[in-house]
Amino acid sequence: MLDLKGKIALITGASRGIGAAVAQQLAERGADIIINYRSKAHRAEEIAANVVATGQRAVLVQADITNEEEVGKMMQNIANDLTKLDLLVLNASGGMEKDKSADYAMDLNLKAQERLADLAVPLMKDGGRIVFVTSHLAHFYGQKPVSAIYENVAASKYAGEQALRDRIPKLTDKGISLVVVSGDLIEGTITPKLMERANRGFINERREQAGTLPTVADFAKAIADACANTSLSSGETIFVGSTEW
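Residues numbered from 1 in each chain as written. Predicted model: local features only at pLDDT ≥ 70, side-chain atom pairs only at ≥ 80, totals over all residues. Heavy atoms only, no water.

Q: Can you help me understand the overall build of the chain in this one?
A: Of regular secondary structure, the chain possesses ten helices and seven strands. Its C-alpha radius of gyration of 17 Å places the chain within 12% of the 18 Å reference for a compact globule of 245 residues. Taking the principal axes of its C-alpha atoms as reference, the chain extends roughly 50 × 35 × 35 Å. In the chain, which comprises 245 residues, the share counted as buried stands at 49%. Sequence-distant contacts in the chain: of pairs separated by 6 or more residues, those separated by 24 or more amount to 77%. (Helix = DSSP H or I, 4+ residues; strand = E, 2+ residues; numbered from the N terminus. Rg over C-alpha atoms; globule rule 2.2 N^0.38 Å. Buried < 20%, exposed > 50% of the residue type's maximum accessible area, 1.4 Å probe, protein only. Contact = heavy atoms within 4.5 Å.)

This is the structure in structure tokens:
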């Protein structure tokens, strides 16, 4: 398990699910954790307590990452209080919510990711790393079939990934790398559940097709490894679960 002592990691959407599991794993490897959350402060506080229990520092930062003003304040507070950032884990995503505008998926999965990366870079030194978390359905968008209910998410996350990849030359000049972690359907997470509602039997069909589906712990470990493994090249993609369908 690669050591991250002395490192500071900002994880978006870290109050539950995959983000919370990544926070725990990075803390166990020695990193101090900045826990970004949108609205569920009590859940974020629970994750912070778990991080502190490992002996690491936990900092809570509330911000809706689609809100430019809130994100600007969050990053300014990080600059003022912590002065640096070593790892940015772009975990927060969405786009299947019924109460959002038609542009929400792109606002969240493309524009917000670009904004966060651009604001983080001035805080990162040589050796810094950005990890973009995505799905196989999004990573292979345009190459493999996608369920209609997930189409907007896949298209927007694909656009977000490509926008970050376009930044690799400038990131490299600053000694910062980009690694992408892509996952199959993750057992127990919200996206497969929403897809199941629209297409009963979807999860079991994919499980039978793939043989097995990754767990939250599996995916979080891959993301933590992507943060810690200095031998990975910028632009490299780590796949978790089968990529065949």
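Q: Where do I start with helix 4 (residues 104-120) in this structure?
A: In an α-helix, one turn spans 3.6 residues, which is why side chains three or four residues apart end up on the same side. Helix length check: helix 4, at 17 residues, gives a terminal C-alpha distance of 22 Å against a target of 24 Å (1.5 Å per residue), a fit within 8%. Maximal helix bending in helix 4 amounts to about 30°, located at Ala112. For helix 4, the complete set of buried residues consists of Tyr104, Ala105, Leu108, Asn109, Leu110, Ala112, Gln113, Arg115, Leu116, Ala117 and Ala120. Its buried side turned inward, helix 4 meets helix 3 (68-81), strand 4 (87-90), strand 5 (129-135) and helix 6 (151-166). (Expected span 1.5 Å × (residues − 1). Bend = angle between axes of the 7 residues up to and from the residue.)

Q: Please explain the side chain of Arg165 as it appears in this structure.
A: By the secondary structure assignment, Arg165 is in helix 6. Of note is the side chain of Arg165, whose polar atom sits 2.6 Å from the backbone oxygen of Gly235. If sequence neighbours within four positions are ignored, Arg165 has contacts with His139, Leu178, Val180, Gly235 and Thr237. (Polar contact = N/O pair within 3.5 Å; in protein donor to acceptor, adjacent residues only side chain to side chain.)

Q: Quick question: what am I supposed to make of the layout of surface pockets here?
A: A probe matching the size of a water molecule, rolled over the atoms, marks out where space remains unfilled. In this structure, the second largest pocket encloses a volume near 270 Å³. Lys7, Leu87, Gly127, Gly128 and Thr230 are, among the 18 residues lining the second largest pocket, the residues nearest its centre. Across the lining of the second largest pocket, the residue classes break down as six nonpolar, five polar and seven charged. (1 Å grid on protein atoms, 1.4 Å probe; cavity = no way out; pocket = protein on both sides within 12 Å on 5 of 7 lines; lining within 4 Å. Points joined across faces, edges and corners; volume = space filled by probe spheres on them. Nonpolar A, V, L, I, M, F, W, Y, C, P; charged D, E, K, R; others polar.)

Q: Looking at this structure, how should I read the environment of Gln162?
A: The topology assignment puts Gln162 in helix 6. In this structure Gln162 comes out as partly exposed when scored by relative accessible area, which is 26%. Remark: the alpha-carbon pair of Gln162 and Arg57, spanning 105 residues in sequence, is separated by 33 Å.

Q: Help me understand the packing of helix 1 (residues 17-28) against helix 10 (residues 216-228) in this model?
A: Think of two packed helices as two axes; the pair is described by the angle between the axes and how far apart they sit. Where helix 1 contacts helix 10, the two axes come as close as 8 Å, and the packing angle between them is 50°. By the criterion of interaxial angle, the relationship of helix 1 to helix 10 is oblique. The chirality of how helix 1 crosses helix 10 is right-handed. Residues Gly17, Ile18, Ala21, Val22, Gln25 and Leu26 of helix 1 pack against Val216, Ala217, Phe219, Ala220, Lys221, Ile223, Ala224 and Cys227 of helix 10. By residue class, the composition of the contact of helix 1 with helix 10 is eleven nonpolar, two polar and one charged. (Axes fitted to C-alpha atoms, helices over the stretch in contact; angles between N-to-C directions. Parallel < 35°, antiparallel > 145°, perpendicular 65-115°, else oblique. Left-handed = near helix turned anticlockwise from the far one by under 90°.)

Purely geometric numbers; function is a separate question.
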